[in-house]
Amino acid sequence: GYQSHLHAIVGNNSKILNFARMQNLVESLDCSSEKQVVLTFKNAMALETTQSYWQWVNDSPKNTFYFVVDGDKCGGKKGREQYAVTHIAFDAPALTATLSGAATPWHELLEDHVIRVKSGSSGLAKRESGSISIAHDFSRNILNTTVNDVTFALQCANCATTGGVNYDLSLTKHAPFVSGTLSATGGLGASLGLGVSIAAEMSQELTGSLPLLDLPLAGIGIDGLFDIGPQLTVAASATLGAVTAELDASVGVAMTIPDGTTFRFNDGSSDNFTPQFSLIGPSIQESVSVEIDVSPSIQLEFAVTIADVGFIFGVGLNAPSITAKLSASATSAGNVCSSGVAGVDLEVSVEGDVVLFAGQGGLGDEPNKITVYS
């Protein structure tokens, strides 16, 4: 689940009250009218006490009382509605208070505000959505084509993002927009294993960009106040060197960020950490050599709207990037000889970096990007 807390700043002649704070005084609540809310109190003392606190609203036309109601009957489409109340009529014999005012969007009520959202159960089941998981398997055939009469196939044979992030964030509608932390959980990372098949000799190098995943994740928000729409995007660039015979090869690498690693948006820092890298494969048929370069880019982006202001923030894993030189040769007996892994000579270098970004812009822009690991 998650918790959300609003710290609101209103004008000098305004106050905010959530109905939940006075339920012990009220017998019933009627919000069937768009222009008023009627409260029926449990007894005369409850009404008198409330009137002594609320009478100031009627003292001046400039005074405004923001009344927030929750629940299926009064809370609107997403369970919460707010009224800008400019006059209150008290009826002692009927034990009622009639609040006159219109349902009003948050951004028209507040001069400024800070919203804190945090992983963890809030005790309000309707608002629970859990920590944000990025675990997704996107293994698939990427490309089948013919280049200069040579049939070429590329598979993302072992491709997935793993784990997720916990969060504790404060959001505002002005720069720097976001502060707080994201922390790795459940083995945050990615694996990218590519399979390559070429039906004949290929003398030229092939280079391409591979869009692999563009996945909206479950969002977080309160109607009219804020909305957070996470988006997971994975792309890769790959280069395949020339080969002198038919080729059927695979190679890949997985990267995991240790659980509990914390990325901080306050100052663009993070915990000191060392990602864990592991090889996938490799495999290659005999008497062939090839060089494969793969550079993936994985972004977890959060598109945020607070009142009438939008911005993005997130974390980018430009990793694991791998350069692999694979070769295999046959002995006179027809066996593959090797001094490397799984019958294959392998030279490999693995790189990666992790970046944080936050600011106004669109998905993919990475505003104010800071590298926290390289």
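**Student:** Can you break down the pairing of strand E5 (residues 64-70) residue by residue, with the values?
**Tutor:** Here E5 lies mainly inside the structure; six of its seven residues are buried. Bridge count between strand E2 (residues 14-18) and E5: five bridges; the pairing is parallel. Residue pairing across strands places leucine 17 opposite phenylalanine 67, the latter belonging to E5. Examined bridge by bridge, E5 and strand E6 (residues 80-91) share six bridges and lie antiparallel to one another. Residue pairing for E6: tyrosine 66 is matched across the bridge by alanine 84.

**Student:** So what's going on with the state of the cysteines? Residues and values would help.
**Tutor:** Under the defined criterion, the tally for this structure stands at one disulfide. Across the disulfide from cysteine 156 sits cysteine 159; the S-S distance is 1.7 Å. Around the S-S axis, the bridge from cysteine 156 to cysteine 159 shows a dihedral of about -100° and counts as left-handed. Of the two residues, cysteine 156 and cysteine 159, neither departs from the other in class, the shared state being buried.

**Student:** Residue-level account of the environment of glycine 362, with values.
**Tutor:** Looking at the secondary structure, you find glycine 362 in the loop between strand E23 (345-359) and strand E24 (370-373). For glycine 362, a relative accessible area of 28% corresponds to the partly exposed category. Note: C-alpha distance between glycine 362 and isoleucine 312 (50 residues apart in sequence) is 6.8 Å.

**Student:** Mind laying out unusual backbone geometry, listing which residues take part and the relevant values?
**Tutor:** Among all residues save glycine, negative phi is the norm, and among peptide bonds the norm is trans. In this structure, proline 176 follows alanine 175 across a cis peptide bond, with omega equal to 10°. Within the secondary structure layout, proline 176 lies in the loop between strand E12 (150-171) and strand E13 (178-198). At phenylalanine 177, a residue that is not glycine, the phi angle is positive and equals roughly 75°. Note that phenylalanine 177 resides in the loop between E12 and E13. A relative accessible area of 10% places phenylalanine 177 in the buried class. Residues other than glycine seldom take positive phi values, yet glutamate 366 does so here, at roughly 50°.

**Student:** Give me the lowdown on the sheet that holds strand E7 (residues 96-103), citing residues and values where you can.
**Tutor:** Taken together, six strands build an open sheet; the order of strands is E2-E5-E6-E7-E4-E3 and the sheet is mixed. Because the sheet does not close on itself, it has two edges, and the strands there are E2 and strand E3 (26-30). On average, each strand axis in the sheet is inclined to that of its neighbour by 30°, with strand direction left out of account.

Rules used throughout
Residue positions are counted from 1 within each chain, in the order its sequence is given. Restriction of local features to residues with pLDDT of at least 70 applies here, the model being predicted, together with a cutoff of 80 or more for giving and counting side-chain atom pairs; totals for whole chains, interfaces and linings are based on all residues. Hydrogens are left out, water is left out, and the side-chain values use all remaining heavy atoms of the structure. Note on exposure labels: buried denotes an accessible area under 20% of the residue type's maximum, exposed denotes more than 50%, and partly exposed covers the range between, all computed with a 1.4 Å probe on protein chains only. Elements are defined by DSSP. Helices are runs of H or I of four residues or more, strands are runs of E of two residues or more, and each kind is numbered from the N terminus. Pairs of strands are assigned from DSSP output, requiring at least two bridges between the strands. Two cysteine sulfurs form what is called a disulfide whenever their separation falls within 2.5 Å. Axis definition: a line fitted to C-alpha atoms, limited for helices to the stretch in contact. Angles are taken between N-to-C directions and run from 0 to 180 degrees.

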